[in-house]
Amino acid sequence: MSTEDFSHDIIILGGGAAGLGAALEMPHEARIAVFSKRRLDQGATNWAQGGIATVLGNSDSFESHIQDTIKAGAGLCDPEIVRHVVESGPKVIGKLESYGIRLTHEDGAGPLHLNREAGHSHRRIVHAADATGRAVQACLEDQLSARGNADIFEDHMAIDLVVRPDGPGGGRRCVGVYALDRNRGRIDLFRARVVVLATGGASKAYLYTSNPPGATGDGIAMAWRAGCRIANMEFTQFHPTCLYHPKAGSFLITEAVRGEGGRLLLPDGSRFMDRFDPQAELAPRDIVARAIDYEMKRHGIDNVYLDISHKPADFIRSHFPTIHRRCLELGLDITTEPLPVVPAAHYTCGGIITDKRARTDIEGLYAIGECAFTGLHGANRLASNSLLECLVFAQAAGGDISATLDAIPTPDAPPAWDESWVREPDEEIVVSHNWDELRRFMWDYVGIVRTGKRLERAKHRIDLLMREIQDYYANFQVTADLLELRNLAVVADLIIRSAQKRSESRGLHYTLDHPGPDVTRPARNTVLTPDPPRMSGATIEPQDRRPGPFTVISS
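None of these values were measured; they are calculated from a predicted model.

Caption draft 1: Inspection of the sheet that holds strand 4 (residues 114–115) at higher detail. The antiparallel open sheet is built from three strands, whose spatial order is 3-5-4. Here the strands that pair on one side only, and so sit at the sheet edges, are strand 3 (52–53) and strand 4. Alignment of strand 4 against strand 5 (residues 125–126), held across two bridges, turns out to be antiparallel. The residue bridging L114 from the neighbouring strand is V126, located in strand 5.

Below is the structure:
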């Protein structure tokens, strides 16, 4: 297969708030490549309804936001990181406003309107109606287009990182990526002095998710294969209220509906959340999701209901226009009837370990957004802290890269990708069957409520599946579906292994075997360290049979 060789100063994998935000922080003279698996606007940012948690109200304070975040994180938040992110919030909003974003104001022209969401003690959610992510995405895209220093590669999927042993002190340095051009069906080499992972989370590892199709944990899997440590993958946040409708797809009903008075109901119209937490519907997401899961199993029902129809219809339409419009398309009227809802995998709280400047274990490789583990979220993410984290660490990565880029040499070209020996896929149905099997056993055995026995069953299945996927990957031409399945299998294995290491219930990890936290020792993060990469000069490891994450160019 012929391979084209591209060279840039900076490669950013991901076209959402984290990736675009980082691109806008880079030096204007730098040549940037921004990759998106599909169109830029088809990632998780564009789907985000709620908003950005920021202290702006006179009755609010940084200390209050910090304490709310730490409380939700169940003892695992890094206090220094929490303070840094929270105190950066107003500057983030100021920068978005300088970019021209259109946020919702009181009475259309007053101060910014602030929503309240679960786990927050004050109204502090800055938003653009109920489509904040869409507003952020459009704003950042417009700004980057105006800069003129970024090449956008849509429909390009990174396969693996290229790493060589010429980092400081003999360490490893990331010098580019191999990527699949989905439209042309070819694999190209992209070289760069710096690579930024902004690839989002891994909630597509579960059968039911609020995420877009691309949330397959690609950056986490690539970083793990390249030798980065991964932390806290057992903490997958299940959003309590995903619309339950055969034609709804993965349509989320934002937290703000409950923040504005929405009530969770059983089919007979009775409320139940007050039996699980004093904050009732405004309890943290892990508590609400487990309560819904419990009631569904106790009553043998497919869903519960979320009702805000007691509020004035004009209020509902003005605050939740996107939800109102979409529900009407499905034959549901949020102003007059309750909506059927179920929990769904929503956010990956763990990820690639980074420092305060978004640097990973590999020189020249950064990670920001949902694929990164910064210490902000702990065992459970506080609502609407995610877009804030994306933009704060985009600034951090941009500042660090800007200060060091001139000293980093342009890397020589690694070997071209070679598929001369591989065959056309003979049974692509194997990929779809494996995909379905993985997501089903993850939902059944590694979902909202877990046990040691369920995790053992899941580990047995993922071990078999990973061997089958690797054999398929090594012998047939790659496709986007195969690459996503390969990455999903890696992150599913990381989730299972992390869950098996945590013999307690904490935050989003709840096991019937240990229904309470371990109070005999301090709360700890779950850190997984990969085996040392198989560095072997310019040779390709025989089991990989193609240039992969551990290909190294001899100096």
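Caption draft 2: Here's a closer look at the packing of aromatic side chains. The full count for this structure, using the stated rule, is 10 aromatic pairs. Their ring planes at 5° and their centres at 4.5 Å tell us that F6 and F190 sit as a pair that is stacked. Taken together, the residues span a long stretch of sequence, with F6 in strand 1 (residues 5–13) and F190 in strand 9 (residues 186–197) at a distance of 184 residues. Between Y206 and F238, the aromatic rings sit 5.2 Å apart at their centres with planes inclined by 75°, giving edge-to-face as the arrangement. Within this pair, whereas Y206 is found in the loop between strand 9 and helix 6 (218–226), its partner F238 is found in strand 11 (residues 236–243), the two being separated by 32 residues in sequence. Relative accessible area serves as the criterion here: at 0%, Y206 is assigned to the buried category. Of the residues examined, F238 reaches a relative accessible area of 4% and is grouped as buried. Members of the aromatic cluster, each reached through a chain of ring pairs, are F6, F35, F153 and F190. Directly above the aromatic system of F315 lies the positively charged group of K311, at a separation of 5.3 Å from the ring centroid. Across the ring face of Y473, the terminal group of R486 is positioned such that the distance to the ring centre comes to 3.9 Å.

Caption draft 3: Structural view of the packing of helix 1 (residues 17–25) against helix 11 (residues 386–404). Interaxial distance between helix 1 and helix 11 falls to 8 Å at its minimum, and their mutual angle equals 35°. Here helix 1 and helix 11 pass one another in a crossing that is right-handed. Residues A17, A18, G21, A22 and E25 of helix 1 touch helix 11, and the partners they reach there are L387, C390, L391, A394, Q395, G398 and S402. Partitioned by chemical class, the residues of the contact of helix 1 with helix 11 number seven nonpolar, four polar and one charged.

Caption draft 4: The arrangement of the packing of helix 6 against helix 14 (residues 480–501) in detail. Remark: helix 6 packs on helix 14, axes separated minimally by 8 Å, with the N-to-C direction vectors making an angle of 75°. Judged by the angle between their axes, helix 6 and helix 14 are roughly perpendicular. Contacts between helix 6 and helix 14 involve D218, I220, A221, W224 and R225 on the former and, on the latter, E484, R486, N487, V490, V491, L494 and R497. Across the contact of helix 6 with helix 14, the residue classes break down as six nonpolar, one polar and five charged.

Caption draft 5: Examining helix 1 more closely. Within helix 1, nine of the nine residues are buried, leaving the element largely enclosed by the surrounding structure. Every buried residue belonging to helix 1 is among A17, A18, G19, L20, G21, A22, A23, L24 and E25, and all of these are buried. Its buried side turned inward, helix 1 meets strand 1, strand 2 (32–36), helix 2 (44–47), helix 4 (79–98), helix 5 (132–147) and helix 11.

Caption draft 6: Structural detail: the environment of R258. Among the secondary structure elements, R258 is positioned in helix 7 (residues 255–259). Overall, R258 belongs to the buried group, its relative accessible area being 2%. In this structure, the C-alpha to C-alpha distance between R258 and E281, residues 23 residues apart in sequence, is 6.2 Å.

Caption draft 7: Examining unusual backbone geometry more closely. At A129, a position not held by glycine, the phi torsion is positive, near 50°. Take A129: it is sitting in the loop between strand 5 and helix 5. By relative accessible area, A129 is classed as partly exposed at 21%. Although it is not a glycine, A280 sits at a positive phi angle of roughly 50°. Of note, A280 is situated in the loop between strand 12 (263–265) and helix 8 (285–299). Since its relative accessible area comes to 12%, A280 is described here as buried.

Caption draft 8: Summary view of helix 3 (residues 62–72). S64, H65, I66, D68, T69 and A72 are the residues of helix 3 that are buried. The inward-facing, buried residues of helix 3 abut strand 3, helix 4 and helix 11. Of the residues one or two after helix 3, A74 is the one with positive phi, at around 55°.

Caption draft 9: Highlighting the sheet that holds strand 12. The strand order 11-14-13-12 describes an open sheet built from four strands, whose pairing is antiparallel. Unpaired on one side and paired on the other, strand 11 and strand 12 mark the two borders of the sheet. Averaged over all adjacent pairs, the angle separating strand axes in this sheet is 45°, with direction ignored. Relative to strand 14 (residues 339–348), strand 11 is paired through six bridges, and the arrangement is antiparallel.

Cut-offs used in this document
Residues numbered from 1 in each chain as written. Predicted model: local features only at pLDDT ≥ 70, side-chain atom pairs only at ≥ 80, totals over all residues. Heavy atoms only, no water. Pairing = 2+ DSSP bridges. Helix = DSSP H or I, 4+ residues; strand = E, 2+ residues; numbered from the N terminus. Phe/Tyr/Trp six-rings, centres within 6.5 Å; stacked < 30°, edge-to-face > 60°. Buried < 20%, exposed > 50% of the residue type's maximum accessible area, 1.4 Å probe, protein only. Lys NZ or Arg CZ within 6 Å of the ring centre and 35° of its normal. Axes fitted to C-alpha atoms, helices over the stretch in contact; angles between N-to-C directions. Left-handed = near helix turned anticlockwise from the far one by under 90°. Contact = heavy atoms within 4.5 Å. Nonpolar A, V, L, I, M, F, W, Y, C, P; charged D, E, K, R; others polar. Parallel < 35°, antiparallel > 145°, perpendicular 65-115°, else oblique.

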